[in-house]
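The primary structure of each chain is shown beneath.
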Amino acid sequence: MWTLADRLLSSRFLLGTAHYSSLEIMQKAIHASGAEIVTVSLKRQLPQDKSGADFWSQLQALHLQLLPNTAGCRRAEEAVTLAEMAREIFQTSWIKLEVIGDDYNLQPDPFELVKAARILVQKGFEVFPYTTDDFVLAERLVDCGCRILMPWASPIGSGKGLLNPYALEVLRARLPKVTLIIDAGIGKPSQALQAMELGYDGILLNSAVALATKPVLMAKAFREAISAGRAAFEAGCMPERNLASPSTSLLDTPFWRQEKQK
Amino acid sequence: MIKLTLNQQAFSVKEGSDLLALLQSRLGPELVPFCAVAVNRRFVPRERYQQIILEEGDAVDLVLPMQGG
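Conventions adopted
- Residues numbered from 1 in each chain as written.
- Chains lettered and ligands numbered in written order.
- Predicted model: local features only at pLDDT ≥ 70, side-chain atom pairs only at ≥ 80, totals over all residues.
- Heavy atoms only, no water.
- Helix = DSSP H or I, 4+ residues; strand = E, 2+ residues; numbered from the N terminus.
- Contact = heavy atoms within 4.5 Å.
- Areas by Shrake-Rupley, 256 points an atom, 1.4 Å probe, with all protein chains shown as cover.
- Lys, Arg positive; Asp, Glu negative; His and termini not counted.
- Charge placed at Lys NZ, Arg CZ, Asp CG, Glu CD.
- Disulfide = S-S within 2.5 Å.
- Buried < 20%, exposed > 50% of the residue type's maximum accessible area, 1.4 Å probe, protein only.
- Buried area = accessible area lost by both parts, 1.4 Å probe.
- Salt bridge = Lys/Arg side-chain N within 4 Å of Asp/Glu carboxyl O.
- Polar contact = N/O pair within 3.5 Å; in protein donor to acceptor, adjacent residues only side chain to side chain.
- Nonpolar A, V, L, I, M, F, W, Y, C, P; charged D, E, K, R; others polar.
- Pairing = 2+ DSSP bridges.

Peer 1: Could you clarify how one ought to interpret the overall build of chain A in this entry?
Peer 2: On a plain count of helices and strands, chain A comes out with 9 helices and 10 strands. Considered along the principal axes of its C-alpha atoms, chain A spans approximately 85 × 40 × 35 Å. In chain A, 65% of the contacts between residues at least 6 apart in sequence involve partners at least 24 apart. A total accessible area of about 13,400 Å² is found for chain A, and carbon and sulfur atoms account for 52% of it. Distance from the positive charge centre (28 side chains) to the negative charge centre (28 side chains) of chain A: 3 Å.

Next up, the structure:
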């Protein structure tokens, strides 16, 4: 069990609800993942399109904690307004804060992100900022009152995994009291496991499951990988070393000769 | 009649119309509880819908839940 924003959870897997081929597959994937938190969004609804209401009804039936996002926002003011709208609809003060600075790699605009985070914390939101792996930006967000950060592994939907493990290790080491959840860029369970072995508190992903050939099976695979990675972190991995060190003691084994090293 | 925009589309309503009436006419009363609204980029809480009298040039943004990552 672990605590995320005052909520006790058993799963460290947060799952998105987008890109599934059907709502039925989405529901089955969420169930297979064991996720207790799912991300949602808001869109401008045209009067003749009632698909949003269908999705909302299905989601409510799952009784999960919702984490709305501010996708599509480029300025702090837009993100703040959308967050307030999300709070009213989804009845939660949790908000995944996305303020995008570039349309190609969807990386956050760090200046607008900090500005929005400060305002939203003051308005009583629990802010989950989607950020980069930049340590100084992370510190600024923590200074604003964010107790959770969501650094990217690589661009959203890219599936490239941890492009800068060193930077992510730095964040973990330098911010031991901050909840760190990898968000964006995870494509394979091994990548999620790698992040968890670094000591990250959780993984948020969407495309890696929704766009898999078999999303429900992939959700299960990620569930197991995230669990394994956490167990490995808690168990403490052996240190890496450059020289070989035999697992079997070679002294007195047949044919072993202690040769002088060249 | 006054002209405004609803989700960036041109729209006309009777002068003196309130926001709740607009939403009920465009969405239907059953969907109003599922939506959230901003007028001129400012969030309007649900309890104030009837108090907001729409004016010429207002920009109304109406959102509903959708899937997201």
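Peer 1: Just to check I follow, could you spell out the state of the cysteines for this structure?
Peer 2: Defined simply, a disulfide is a covalent bond joining two cysteines at their sulfur atoms. Counting across every chain of the model gives 0 disulfides over all chains. No disulfide involves Cys-35 of chain B; its sulfur sits 17 Å from the nearest other cysteine sulfur, which is in Cys-73 of chain A. Residue classification places Cys-35 of chain B among the buried positions, given a relative accessible area of 0%.

Peer 1: Looking at this model, I keep getting lost on the interface of chain A and chain B. Mind explaining?
Peer 2: Interface size, as often reported, equals the accessible area lost upon joining of the parts. Of the residues lining the interface, 31 residues belong to chain A; the matching set on chain B comes to 29 residues. Counting the surface chain A buries against chain B, the share from its top three residues, Arg-44, Met-85 and Glu-88 of chain A, is 27%. Where chain A touches chain B, the interface holds 3 salt bridges. In this structure, the salt-bridge partner of Arg-41 of chain B is Glu-78 of chain A, at a minimum N-O distance of 3.9 Å. The interface formed by chain A and chain B contains 11 residue pairs in polar contact (both at pLDDT 80 or more). Breaking the side of chain A that touches chain B down by element, the ones donating at least two residues are helix H1 (23–33), strand E4 (37–44), helix H2 (51–62) and helix H3 (76–90) of chain A. Broken down by class, the residue content of the side of chain A that touches chain B amounts to 13 nonpolar, 10 polar and 8 charged.

Peer 1: Quick question: what am I supposed to make of the pairing of strand E3 (residues 13–16) of chain A here?
Peer 2: As a general feature of sheets, a regular strand has side chains that alternate between the two faces. Residues and elements named next belong to chain A. On E3, burial covers both faces: Phe-13 and Leu-15 on one face and Leu-14 and Gly-16 on the other are all buried. Of the pairings in the sheet, the one linking E3 to strand E10 (residues 202–205) comprises 3 bridges and is parallel in character. In the sheet register, Phe-13 faces E10, and the bridge partner there is Ile-203. With 3 bridges joining them, E3 and E4 adopt parallel strand pairing.

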